[in-house]
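What follows is each chain in one-letter form.
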Amino acid sequence: MKSNGLGGIKHEKLKAILFLFILLLGLAFTKRLLRSQKTTPWLSEDVPTQIVVNLLKQETKETIYPFNPNFISDYRGYIIELTPAQIDRIHAFRAEGKWINSIAQFQPIAQVDAKWIEKYRPYFSFPKRKSTPKPKNRFSTPKIININAASVAHFQAIRGIGPVLSERIVKYRKRLGGFSALDQLLEVYGLSPEVVQRLQKNAQLGAVPKIERLSINDASLQELSALPYLNWKEAKQIVAFRTQQQKMVFNDLKKYAILDSLKIERLALYLY
């Protein structure tokens, strides 16, 4: 009975040794197969996957499409055999807002050799970029305008004069019967002296309006108050003064200081 027990133990030991031997042979075969496939360390334990990846790489690299070097992605760069450092140099150049416009310009930027250039030269594509015309500045070269004939649009060509002010100039010109002097522009409400000065540099009177002047002694109260430089109260003062004096001349307005000197100067265009 004892001899049979020892024999059973020996038989089990032989089976274990044989299993270990077969396992070692399997490991050796697997290692040799991995070396034959030349896999990377991180895929060395997955032989079927690595084989598929290698086939995909080979197929992809055989299909090269035309490319614009200004828009090379990491994936596209890999396909055309650019290193990560070369791709980074291209991206850094573009990040500065610059454009690659030729193969000769591309080579020193990416730092590729002549052999690479010869291989991929046929695939470079440089689409012609349409030049965007610069917007015209309507204030750049204002033309000389005739302020007695200019339209609303003409006045808006002067920097500082928008739609509201241009309309106001035209309305005031109509009230005056036409500008008789360039400095009358200062009387337009809202026009600053700087804008008037700019307008005067690019304006001319053109034909001075012919204004039919009224007699200061014969004009009615309504006619006087309708003049551009007189209001109703001032017109009444003139009528009262001429009634008291029975007759007056235009210069009497200065003598009795009924109006300020500027108004008197302007009224000379309408009264005598």
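See the structure shown above.
Residues numbered from 1 in each chain as written. Predicted model: local features only at pLDDT ≥ 70, side-chain atom pairs only at ≥ 80, totals over all residues. Heavy atoms only, no water.

Right, let's get into the overall build of the protein. Each helix and strand in the protein was counted, giving 13 helices and two strands. Out of the 272 residues in the protein, the part that is buried amounts to 30%. Put simply, 48% of the contacts in the protein that link residues at least 6 apart link residues at least 24 apart. Counting every atom, the protein has about 19,100 Å² of accessible surface; 59% of that belongs to carbon and sulfur. (Helix = DSSP H or I, 4+ residues; strand = E, 2+ residues; numbered from the N terminus. Buried < 20%, exposed > 50% of the residue type's maximum accessible area, 1.4 Å probe, protein only. Contact = heavy atoms within 4.5 Å. Areas by Shrake-Rupley, 256 points an atom, 1.4 Å probe, with all protein chains shown as cover.)

Once that is clear, we can look at the pattern of salt bridges. Under the definition given, this model contains six salt bridges. Its salt-bridge partner being Glu96, residue Lys98 comes within 3.0 Å of it at the nearest N-O pair. Salt bridges sharing common partners tie together Asp183, Glu187 and Arg266. (Salt bridge = Lys/Arg side-chain N within 4 Å of Asp/Glu carboxyl O.)

The subject of this paragraph is the packing of aromatic side chains. For the coordinates displayed, the defined rule picks out 10 aromatic pairs. Geometrically, the ring pair formed by Phe106 and Trp116 is stacked, given 5.7 Å between the ring centres and 25° between the ring planes. Remark: Trp116 occurs in helix H6 (residues 114–120) and Phe106 occurs in helix H5 (residues 103–110); sequence separation between them is 10 residues. You'll find Phe106 and Trp116 in the same group, each marked buried. Pairing Phe124 with Phe126 gives two aromatic rings, centres 6.0 Å apart and planes at 15°, and the pair type is stacked. Members of the aromatic cluster, each reached through a chain of ring pairs, are Phe67, Phe106, Trp116, Tyr120, Tyr123, Phe124 and Phe126. Note that Arg94 overlies the ring of Trp99, its terminal NZ or CZ placed 4.1 Å from the centroid. (Phe/Tyr/Trp six-rings, centres within 6.5 Å; stacked < 30°, edge-to-face > 60°. Lys NZ or Arg CZ within 6 Å of the ring centre and 35° of its normal.)

Moving on: the nonpolar core. Of all hydrophobic cores here, the largest spans 36 residues; its most connected members are Ile161, Ile169 and Leu199. Listed by contribution, the elements that provide at least two residues to this core are helix H8 (163–176), helix H9 (193–201), helix H11 (232–245) and helix H13 (261–267). For this core, the element with the most residues is H8, which contributes four residues. If near-sequence neighbours (up to four positions away) are discounted, Leu199 is found in contact with Ile145, Phe155, Ile158, Ile161, Ile169 and Leu185. Ile64, Ile100, Phe106 and Trp116 belong to the second-largest nonpolar core, a separate cluster that totals 19 residues. (Core = buried A, V, L, I, M, F, W, Y, C linked by side-chain atoms within 4.5 Å.)

To continue, consider the side chain of Ser225. For Ser225, the location among the structural elements is in helix H10 (residues 221–225). Within the structure, Ser225 has its side chain in polar contact with the backbone oxygen of Gln222 (distance 3.0 Å). Not counting the four nearest positions on each side in its chain, Ser225 is found in contact with Leu230, Asn231, Trp232 and Ala235. (Polar contact = N/O pair within 3.5 Å; in protein donor to acceptor, adjacent residues only side chain to side chain.)

Taking 1.5 Å as the rise per residue, helix H4 (residues 84–95) with 12 residues should run 16 Å; its terminal C-alpha atoms sit 16 Å apart, in good agreement. By the burial criterion, the buried members of H4 are Gln86, Ile87, Ile90, Phe93 and Arg94. Looking straight down H4, one finds its buried side chains confined to an arc of 125°; they lie on one side. Of the exposed residues in H4, the ones pointing more than 90 degrees away from its buried face are Pro84 and Ala95. Buried residues along H4 sit against helix H3 (74–79) and H5. (Expected span 1.5 Å × (residues − 1). Arc of directions from axis to C-beta.)

Once that is clear, we can look at H11. Because an α-helix packs 3.6 residues into every turn, residues spaced three or four apart end up facing the same way. Here H11 contains 14 residues, and its C-alpha end-to-end distance of 20 Å stays within 8% of the 20 Å for a straight helix at 1.5 Å per residue. When H11 is considered as a whole, its buried residues turn out to be Glu234, Ala235, Ile238, Phe241 and Arg242. End-on view of H11: buried residues confined to an arc of 125°, all on one side of the axis. Across H11 from its buried face, at more than 90 degrees, point the exposed residues Lys233, Thr243 and Gln244. On its buried face, H11 is in contact with H10, helix H12 (252–255) and H13. Where H11 starts, the residue carrying a side-chain oxygen 3.2 Å from the main-chain nitrogen of Lys233 turns out to be Asn231. The first or second residue beyond H11 is Gln246, which carries a positive phi of 70°.

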